[in-house]
Amino acid sequence: MSEQWIYLSGEYVLKEDAKISVYDHGFLYGDGVFEGIRVYDGNVFRLQEHLDRLYNSAKSIMLTIPHTKDEMKELVIQTLQKNALNNAYIRLIVSRGVGNLGLDPASCPKPQVIIIAEELAIFPKELYESGLEIITVATRRNRPDVLSPKVKSLNYLNNILVKIEASLAGVSEALMLNDQGYVAEGSADNVFIVRGKQVITPPGYIGALEGITRNAIIEIAKDLKYTVKEEPFTRHDVYTADEVFLTGTAAEVIAVVKVDGRIIGEGKPGKETNSLLKAFRERVVEEGEKVYTKAL
Ligand code: PMP
């Protein structure tokens, strides 16, 4: 891509010039919220759900987003058009804005809205063919009564610690358990196990982000006549599952073939995971909201 335009609180600036103040509380304290959204062939996938989650995260931390959801929708679409992107990853960020060095958000009068749309770095095809080897890590998921994992905040240290543990162990992804030892989610994706025709994912109260892809997979699995259960499970259940997969905006649906050294099923992406991925890829194009990405 030649020029990349970034929406930065009311104007479009080139990527090289897209800078924020060191006094922005998003930078100083991780005080803000964000979304990662995907565009398939000009179709924005479940933009409304992403906006609902963004506004709920903001409400939870008492951050007033200076736009209505409809205005935000327009801004997202405009940013895609400005960059003439048909297949893209969008990062929508609302930070508390510039304040003083104190913690109190009251010193930040103007939340900052940033929209980055860039060409999609698609996960390598080989990963879908071979599946992932992952581990479980010592880092536990934030307890919902401490910092709710449902708030998609700029404070991602919990997840970053997971990523560091995974990298140190030589794998690219890992599972977090909650404080009681139940499986919660990956560093940036939700987890499912498959047993026969049952598709199981941890319920919200276990402590995980309510993934848009997770919700889409639950719907698709029900449509395909799987029995879908939201119930707690442990590492033992993961090790002994027929199939395991992760879901997320970037990864879509990706098979896990080894967990903590235990081979899952036959050690390759399973039949059910592959059919859910196929159905998901069909659905993203069918149901997306068409956006015409002619350059402005
Ligand atoms: N869990 C976490 C912690 C995440 O950051 C994400 C987003 N990448 C997900 C799950 C998956 O959510 P979604 O399907 O909405 O991308």
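Just so it is clear, the structure is predicted and the values come from calculations on it, not from any experiment. (Residues numbered from 1 in each chain as written. Predicted model: local features only at pLDDT ≥ 70, side-chain atom pairs only at ≥ 80, totals over all residues.)

1. Description of the pairing of strand 11 (residues 198-201)
Each regular strand carries side chains that alternate between the two faces of the sheet.
Argument step 1. Pairing between strand 10 (residues 190-195) and strand 11: 3 bridges, direction antiparallel. Residue pairing in the sheet places Val194 in a bridge with Val199 of strand 11.
Argument step 2. Following strand 10, the chain reverses through 2 residues before pairing antiparallel with strand 11; Gly196 in that reversal takes a positive phi of roughly 60°.
Argument step 3. Both strand 11 and strand 12 (residues 227-230) contribute to a ladder of 4 bridges, which runs parallel. Residue pairing across strands places Gln198 opposite Thr227, the latter belonging to strand 12. (Pairing = 2+ DSSP bridges. Helix = DSSP H or I, 4+ residues; strand = E, 2+ residues; numbered from the N terminus.)

2. Focus on the nonpolar core
Argument step 1. The biggest cluster of nonpolar side chains holds 41 residues, and the ones touching the most others in it are Phe192, Ile193, Ile217, Ala221, Val244, Phe245 and Val256.
Argument step 2. Setting aside anything within four residues of it in sequence, one finds Phe245 in contact with Phe192, Val253, Ile254, Ala255, Val256 and Thr273.
Argument step 3. Among the nonpolar cores identified, the runner-up in size contains 27 residues, and Ile37, Met72, Ile93 and Ala117 belong to it. (Core = buried A, V, L, I, M, F, W, Y, C linked by C-beta atoms within 7 Å. Buried ≥ 20, exposed ≤ 12 C-beta atoms within 10 Å, placed from the backbone. Contact = placed C-beta atoms within 7 Å.)

3. Brief notes about the domain arrangement of the protein
How big an interface is tends to be stated in terms of the accessible area lost upon association of its parts.
Argument step 1. In terms of domains, the protein is made up of domain 1 (5-119) and domain 2 (125-284).
Argument step 2. The centre of domain 1, based on its C-alpha atoms, is set 26 Å off from the matching centre of domain 2.
Argument step 3. On the side of domain 2, 10 residues touch domain 1, which itself brings 22 residues to the contact.
Argument step 4. Residue contributions to the side of domain 1 that touches domain 2 peak at 8 residues, all from strand 3 (residues 32-40).
Argument step 5. Among the residues forming the side of domain 1 that touches domain 2, the class breakdown is 7 nonpolar, 9 polar and 6 charged. (Domains from an automatic or database assignment. Nonpolar A, V, L, I, M, F, W, Y, C, P; charged D, E, K, R; others polar.)

4. Comments concerning helix 5 (residues 157-168)
Argument step 1. Spanning 12 residues, helix 5 covers 16 Å between terminal C-alpha atoms, matching the ideal 16 Å at 1.5 Å per step.
Argument step 2. Listed in full, the buried residues belonging to helix 5 are Asn159, Val162 and Ala166. All buried residues of helix 5 project into a common sector of 55° when viewed along the axis, lining one side. Of the residues in helix 5, the exposed ones pointing more than 90 degrees away from the buried face are Leu157, Ser167 and Leu168.
Argument step 3. At its buried positions, helix 5 is contacted by strand 7 (132-140) and strand 8 (173-177).
Argument step 4. Residue Gly170 follows helix 5 closely and has a positive phi angle near 80°. (Expected span 1.5 Å × (residues − 1). Arc of directions from axis to C-beta.)

5. Observations regarding the site of the ligand
Argument step 1. Around the ligand lies a shell of 15 residues, among which Leu209, Gly211, Ile212, Thr213 and Thr249 are the nearest.
Argument step 2. Of all the secondary-structure elements, those providing two or more residues to the shell around the ligand are helix 7 (212-223) and strand 13 (243-248).
Argument step 3. Top element by residues in the shell around the ligand is helix 7. It accounts for 3 residues.
Argument step 4. Split by residue class, the shell around the ligand holds 4 nonpolar, 8 polar and 3 charged. (Near = placed C-beta within 6 Å.)

6. Some details on helix 2 (residues 47-60)
Argument step 1. In this model helix 2 runs 20 Å from its N-terminal to its C-terminal C-alpha over 14 residues, within 8% of the 20 Å that 1.5 Å per residue would give.
Argument step 2. Taken together, the buried positions of helix 2 are occupied by Leu47, His50, Leu51, Arg53, Leu54 and Ser57. Buried positions in helix 2, seen along its axis, are confined to an arc of 160° and lie on one side of it.
Argument step 3. Just downstream of helix 2 lies Met62, where phi reads positive at about 55°.

7. Description of the confidence of the model for the protein
Argument step 1. The pLDDT averaged across the protein works out to 95; a share of 97% of its residues lies at or above 70.
Argument step 2. In the model output, the complex is listed with pTM 0.96 alongside ipTM 0.99. (pLDDT = per-residue confidence, 0-100.)

8. Side note on the packing of helix 2 against helix 3 (residues 69-82)
Argument step 1. Two numbers describe how helix 2 lies on helix 3: the axes approach to 11 Å, and their chain directions differ by 125°. Looking at the two axes, helix 2 sits oblique to helix 3. You can see that helix 2 and helix 3 cross each other, and the crossing is right-handed. On helix 3, the residues that touch Leu47, Leu51 and Tyr55 of helix 2 are Lys69, Met72, Lys73 and Val76.
Argument step 2. When the residues that make up the contact of helix 2 with helix 3 are grouped by side-chain class, the tally is 5 nonpolar, no polar and 2 charged. (Axes fitted to C-alpha atoms, helices over the stretch in contact; angles between N-to-C directions. Parallel < 35°, antiparallel > 145°, perpendicular 65-115°, else oblique. Left-handed = near helix turned anticlockwise from the far one by under 90°.)

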